[in-house]
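Listed here are the chains, written in short residue letters.
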Amino acid sequence: MRVVILGAGGVGGYVGARLIEAGTDVTFLAREKRAQELASQGLALKSPLGDFAGRVKVVRPGDKPADQPDAVLLSCKEPALESALAAVAPLLQPGTRLLPLLNGVRHIDMLAERFPETLLLGGIIHGAANLRPDGVIEHLSSFMTVITGPVASSSDPVATEIVDRLKSAGVDAYATHEIRQDMWNKFLFLAAFAGITSLMRASIGIILASDSGRERILRLLEETRSVAVAEGFAPPDTLMDEYRALLTEPGSPLTSSMLRDIDAGRRTEGAHILGDMLARARKHELATPVLAVAAAHVEAYERRLDAAT
Ligand SMILES: NC(=O)C1=CN([C@@H]2O[C@H](COP(=O)(O)OP(=O)(O)OC[C@H]3O[C@@H](n4cnc5c(N)ncnc54)[C@H](OP(=O)(O)O)[C@@H]3O)[C@@H](O)[C@H]2O)C=CC1
Ligand SMILES: CC(C)(CO)C(=O)C(=O)O
């Protein structure tokens, strides 16, 4: 199986390393700086589930890989999506699957509209991995779960093969026939988690110890749940219980990648996660006051970055 992965960052690097371990022919599509780094030092992953180090195939945007890929994985952040799509569009031949691993949901309809002939898979990553300044991928969580499945049918052989290969490399991976629901489940959680941690600029434990922290967290989670319900993606009650427990664990050091991006002065996926959730709440005329403040807070942060560039 041949796979091209755009983006050798936290997610792309992790998934790519595990696919290579499973004997997959993986090529990374990377921009100049990262391409040079990969060419000179290879791909290195430090993970509690097993390290990886090895030489990897690399192409730059505009280059063609030697052979047609069976699947193209997108593992950029949302602000880079347009440039990423320009880079992968020439690789999408009939039969090639496109598998975005981005958080959020709105890119799925956008990709379906933009590439109507392409077989689109959805993807979700649970876990945390980070590309360090020295080029090493650091797996930060004790787990990493990958879920994928087709957007417009109930099963897909390429999605199944990707899952089987990841499993053979020890990854907790699942094929699903309801990828949109699964993506919404994560989206509603992430919007609440990233929203509250970015708004309060603190971990869950610190927010809980602050004035009305618990009420505010649970209020925001209920707001994002109400949007999911209005959009036709009601989450299972048992999952909501898990989310509530996770977000109200006293002393929890959990922070979102959105807060880490803000702390580092980087661009965020605020518009893609919080802005999109808020737009959907407004479409359904739902009252989501905590979400509105969180989205405005991250929007103002982005506007300050705009003004400084
Ligand atoms: N990291 C995590 O733990 C998790 C991340 N996610 C989601 O996964 C997605 C990816 O996140 P993450 O892996 O952390 O992101 P990273 O920033 O670590 O990696 C993104 C990579 O994409 C590359 N890239 C961007 N645009 C292009 C382009 N046009 N051509 C080639 N390469 C490009 C960047 O390269 P360059 O150096 O050239 O900019 C960078 O290496 C996000 O949507 C995130 O929310 C989901 C769950 C967990
Ligand atoms: C919620 C979490 C940690 C799960 O992978 C995540 O995706 C993020 O913080 O962006």
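Residues numbered from 1 in each chain as written. Chains lettered and ligands numbered in written order. Predicted model: local features only at pLDDT ≥ 70, side-chain atom pairs only at ≥ 80, totals over all residues. Heavy atoms only, no water.

Draft legend 1. Spatial organisation of unusual backbone geometry. At arginine 201, a position not held by glycine, the phi torsion is positive, near 50°. For arginine 201, the position within the fold is in the loop between α6 (179-200) and α7 (204-209). Owing to a relative accessible area of 41%, arginine 201 belongs among the partly exposed residues under this scheme. In this structure, serine 212 is a non-glycine residue whose phi angle is positive, near 55°. (Helix = DSSP H or I, 4+ residues; strand = E, 2+ residues; numbered from the N terminus. Buried < 20%, exposed > 50% of the residue type's maximum accessible area, 1.4 Å probe, protein only.)

Draft legend 2. The arrangement of the side chain of serine 198 in detail. In this structure, serine 198 sits in helix α6. Excluding residues that lie within four positions of it along the chain, serine 198 makes contacts with Ser256, Met258, Leu259, Ile262, His297 and Val298. (Contact = heavy atoms within 4.5 Å.)

Draft legend 3. Main features of the UniProt feature "domain: Ketopantoate reductase N-terminal" (unreviewed entry) in the protein chain. This chain's UniProt record puts "domain: Ketopantoate reductase N-terminal" (unreviewed entry) on residues 3-145. Here residues 3-145 runs as 27% helix and 34% strand, with 19 Å between its end C-alpha atoms. (UniProt positions renumbered as here; feature names shortened; annotations may be inferred.)

Draft legend 4. Looking closely at the pairing of strand β2 (residues 25-29). The buried count for β2 comes to four of five residues, which makes it a mostly enclosed element. Both strand β1 (residues 2-6) and β2 contribute to a ladder of five bridges, which runs parallel. Across the sheet, residue leucine 6 finds its bridge partner in β2, namely leucine 29. Following the chain from β1 across helix α1 (residues 10-21) to the adjacent parallel β2, one finds a crossover that is right-handed. (Pairing = 2+ DSSP bridges. Right-handed = clockwise from strand over helix to strand, strands pointing away.)

Draft legend 5. Just the domain arrangement of the protein chain, in detail. One can read the domain layout of the protein chain as domain 1 (2-177) and domain 2 (182-308). A separation of 26 Å is found between the C-alpha centroids of domain 1 and domain 2. In this assembly, 17 residues from domain 1 lie in contact with 15 residues from domain 2. Interface area lost by domain 1 to domain 2 is led by Asn103, Val105 and Arg106, which between them contribute 39%. For the pair domain 1 and domain 2, the interface holds one salt bridge. For aspartate 261, the salt bridge identified is with lysine 77, shortest N-O distance 3.0 Å. Where domain 1 packs against domain 2, one counts eight residue pairs in polar contact (both at pLDDT 80 or more). (Domains from an automatic or database assignment. Buried area = accessible area lost by both parts, 1.4 Å probe. Salt bridge = Lys/Arg side-chain N within 4 Å of Asp/Glu carboxyl O. Polar contact = N/O pair within 3.5 Å; in protein donor to acceptor, adjacent residues only side chain to side chain.)

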